[in-house]
Each structure stands twice: as structure tokens, then as C-alpha cells.
Amino acid sequence: MIIVNLDVMMAKRKIGLGELADKVGITQANLSVLKNSKAKAVRFTTLDKLCEALSCQPGDLLEYSEDSHE
Amino acid sequence: MKNDRSVKFTSLSIKAALVLCVVSLFVMPYAAKLYRDMSIQADDVTVPLLITFYICAAVGIFILIMLDRLVNNIMKGEVFTEDNVRYLRILSYSCFVIAFVTLVFAHFRFLAFIVTFAAFFFGLILRVIKNCFTEAVRLREENDYTI
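Residues numbered from 1 in each chain as written. Chains lettered and ligands numbered in written order. Predicted model: local features only at pLDDT ≥ 70, side-chain atom pairs only at ≥ 80, totals over all residues. Heavy atoms only, no water.

### Some remarks on the overall build of chain B
So, step 1. Within chain B one finds four helices and zero strands.
So, step 2. Each helix (α) and strand (β) of chain B, taken in turn from the N terminus, gives the series α-α-α-α.
So, step 3. Here the C-alpha atoms of chain B give a radius of gyration of 19 Å, more than 25% beyond the 15 Å that 2.2 N^0.38 yields for 147 residues.
So, step 4. In terms of its C-alpha atoms, chain B occupies a principal-axis envelope of roughly 70 × 30 × 20 Å.
So, step 5. Across the 147 residues in chain B, those meeting the buried criterion constitute 34%.
So, step 6. Working note: accessible area of chain B is about 9600 Å², and carbon and sulfur atoms make up 72% of it.
So, step 7. Here chain B holds 15 positive side-chain charges and 12 negative ones, and the gap between their average locations is 4 Å. (Helix = DSSP H or I, 4+ residues; strand = E, 2+ residues; numbered from the N terminus. Rg over C-alpha atoms; globule rule 2.2 N^0.38 Å. Buried < 20%, exposed > 50% of the residue type's maximum accessible area, 1.4 Å probe, protein only. Areas by Shrake-Rupley, 256 points an atom, 1.4 Å probe, with all protein chains shown as cover. Lys, Arg positive; Asp, Glu negative; His and termini not counted. Charge placed at Lys NZ, Arg CZ, Asp CG, Glu CD.)

Quick look at the structure:
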């Protein structure tokens, strides 16, 4: 399964959910869904904006784990 | 909006059908007697006819209530939901119940087989629509959770 490490990157960059949501241009609710690994898909445009806002690579945000348990 | 009016018209039609269905419960004994008096066939089928009718009427009222809930959900903008899939499944099974009951009655009057066929056909159509709704619910959820 894919693990979203958004919270880790947010902590590293010391940025809050509201501030990041404003920078990326999506709602806090949607960002929260992504942060809690509830999302079913991520648009490239969203990923692009997240990487830009957090100055990181997609691999820093997403991680594959062998464990398929959801 | 034109679609709003259409849905409201559907809702009103369902309520009118519900009233007609309830009224028919009181009228049916007289209609059955009238049928017996007018029938050219020797056997009296009043009792099986009434039993078949009351079972079908009960299922029919249930169907109309389910349809009303379905249309209410559509009016609220909740179209592709698990609830609506459940209502469609129940509607489909209800049609199959009517098909079975009229199939039994077709033993007395062969023409009842037309109702059996129609109910079975409606049941099948509703099942296909239910399957489409199931897929639509999955797609909506996927879309809702695409960030």
C-alpha cells in the first residue's frame, strides 16, 4: 500500500495544515484526507503544488509498503 | 429548473399511486365479486384472486414507499449513494415476489402470467439499474477521495 508522509514533511518544514492548504489551493478538509491516507488518488497538479510548497520530491511524500492491509 | 419539476412530478405521481393503491384495498372485494358474476368460467376464483391481490397490494405499497424515499434522496441531491442502491435492490426483489405470487395465481387464470412476466421483467431491469448505481457509487467515492 501507499503511505502518505505528508505529516512528516509538514513537521520538517514547520508548516501547519491551514497554511499549506492556502499555499496549495485546496481545502483543509481535502488536505486532511490526504494526510490521513484516506485519499484514493492524488492528482499530478496537487502533487506538483505540494512539492513546490514543501520544497521536496514526490518520493518524500509518498512511500510504498509491502503491507497491503488498509 | 426543468429537472426539478420533473422530479417533483414523479414524487407527486408516486403519492397519487399510493393513494390509489390504498383505495383499491377497499374496492377490491367488490371488484372480485363483480368479476365472479361476470366471469363465463365455471370455477370461482374469488378467494385466490383476493389473496393474490392483497399480497401484491402490500408489496406494491412497500414498493411505492421505497420509490418515494428514492425520489426524496434524488431531490436532496443524494443520487449515487449506498442507500439508493439498497432501495433499488429491495425494489428488484419486490418485483420478483409479485412475479412469484402471480405465477401461482396463473394456475387459476392463465392471463395472470402476463403480470408475472411484466413483474419479472421489471425486476430484471431494476437489477441492472442497481448494478449501474453500485458502479456509480464506487466512481463517486473515488472522485470524492481524489485530491
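### Side note on the overall build of chain A
So, step 1. Scanning chain A from N- to C-terminus turns up five helices and two strands.
So, step 2. Start at the N end of chain A and walk to the C end: the helices and strands fall as β-α-α-α-α-α-β.
So, step 3. The burial tally for chain A puts 29% of its 70 residues in the buried class.
So, step 4. Taking contacts inside chain A between residues at least 6 apart in sequence as the whole, the part at least 24 apart equals 62%.
So, step 5. Within the structure as shown, chain A displays about 4600 Å² of accessible surface, and the carbon and sulfur contribution to it stands at 50%.
So, step 6. Within chain A, one finds 9 positive and 10 negative side-chain charges whose respective centroids are separated by 5 Å. (Contact = heavy atoms within 4.5 Å.)

### Notes on the state of the cysteines
So, step 1. Overall, the coordinates contain zero disulfides over all chains when judged by the stated rule.
So, step 2. As a non-bridged cysteine, Cys56(A) has Cys51(A) as the owner of its nearest cysteine sulfur, 4.5 Å distant.
So, step 3. Exposure remark for Cys56(A): the relative accessible area of 10% places this residue in the buried category.
So, step 4. Lacking any disulfide linkage, Cys21(B) is separated from the closest cysteine sulfur, that of Cys56(B), by 9.8 Å.
So, step 5. Accessibility expressed as a relative area gives 16% for Cys21(B), which makes it buried. (Disulfide = S-S within 2.5 Å.)

### Here's the deal with the packing of helix α1 (residues 6-13) of chain A against helix α3 (residues 28-35) of chain A
Residue and element names in this part refer to chain A.
So, step 1. In contact at an axis separation of 8 Å, α1 and α3 are set at 110 degrees when each is read in the N-to-C sense. With respect to their mutual orientation, α1 and α3 come out roughly perpendicular. Of the residues in α3, those in contact with Leu-6, Asp-7 and Met-10 of α1 are Leu-31, Leu-34 and Lys-35.
So, step 2. Per-class residue counts for the contact of α1 with α3 are four nonpolar, no polar and two charged. (Axes fitted to C-alpha atoms, helices over the stretch in contact; angles between N-to-C directions. Parallel < 35°, antiparallel > 145°, perpendicular 65-115°, else oblique. Nonpolar A, V, L, I, M, F, W, Y, C, P; charged D, E, K, R; others polar.)

### Structural notes on the nonpolar core
So, step 1. In terms of nonpolar packing, the biggest core is built from 18 residues, with Leu6(A), Leu20(A), Leu50(A), Leu54(A) and Leu61(A) touching the most fellow members.
So, step 2. Breaking this core down by element, the ones donating at least two residues are α1, α2 (17-24), α3 and α4 (44-54) of chain A.
So, step 3. Apart from residues no more than four positions distant in its own chain, Leu50(A) is found in contact with Leu6(A), Leu20(A), Val24(A), Leu31(A), Leu34(A) and Leu61(A).
So, step 4. Core analysis: the second largest hydrophobic core is formed by 17 residues, Cys56(B), Met66(B), Ala119(B) and Val137(B) among them. (Core = buried A, V, L, I, M, F, W, Y, C linked by side-chain atoms within 4.5 Å.)

### Re empty space enclosed by the protein
Residues and elements named next belong to chain A.
So, step 1. A full pass over the atoms with the stated rule returns one cavity of 30 Å³ or more.
So, step 2. Space inside the largest cavity adds up to approximately 40 Å³.
So, step 3. Surrounding the largest cavity, Val-4, Leu-6, Leu-34, Val-42, Leu-47, Leu-50, Leu-61 and Leu-62 form its lining. (1 Å grid on protein atoms, 1.4 Å probe; cavity = no way out; pocket = protein on both sides within 12 Å on 5 of 7 lines; lining within 4 Å. Points joined across faces, edges and corners; volume = space filled by probe spheres on them.)

### Some points on unusual backbone geometry
Residue and element names in this part refer to chain A.
So, step 1. Phi is positive for Lys-14, close to 50 degrees, though the residue is something other than glycine.
So, step 2. Mapped onto the elements, Lys-14 comes out in the loop between α1 and α2.
So, step 3. In this structure, Ser-37 takes a positive phi of about 55 degrees despite not being glycine.
So, step 4. Among the structural elements, Ser-37 can be located in the loop between α3 and α4.

### Quick look at the environment of Leu91(B)
All names here are of chain B.
So, step 1. Tracing the chain through its elements places Leu-91 in helix α3 (residues 82-105).
So, step 2. Considering only alpha carbons, one finds Leu-91 and Leu-67, 24 residues apart in sequence, at a separation of 7.9 Å.
So, step 3. Among all residues touching Leu-91, those that are not within four sequence positions of it are Ile-63, Met-66, Leu-67, Leu-70 and Leu-126.

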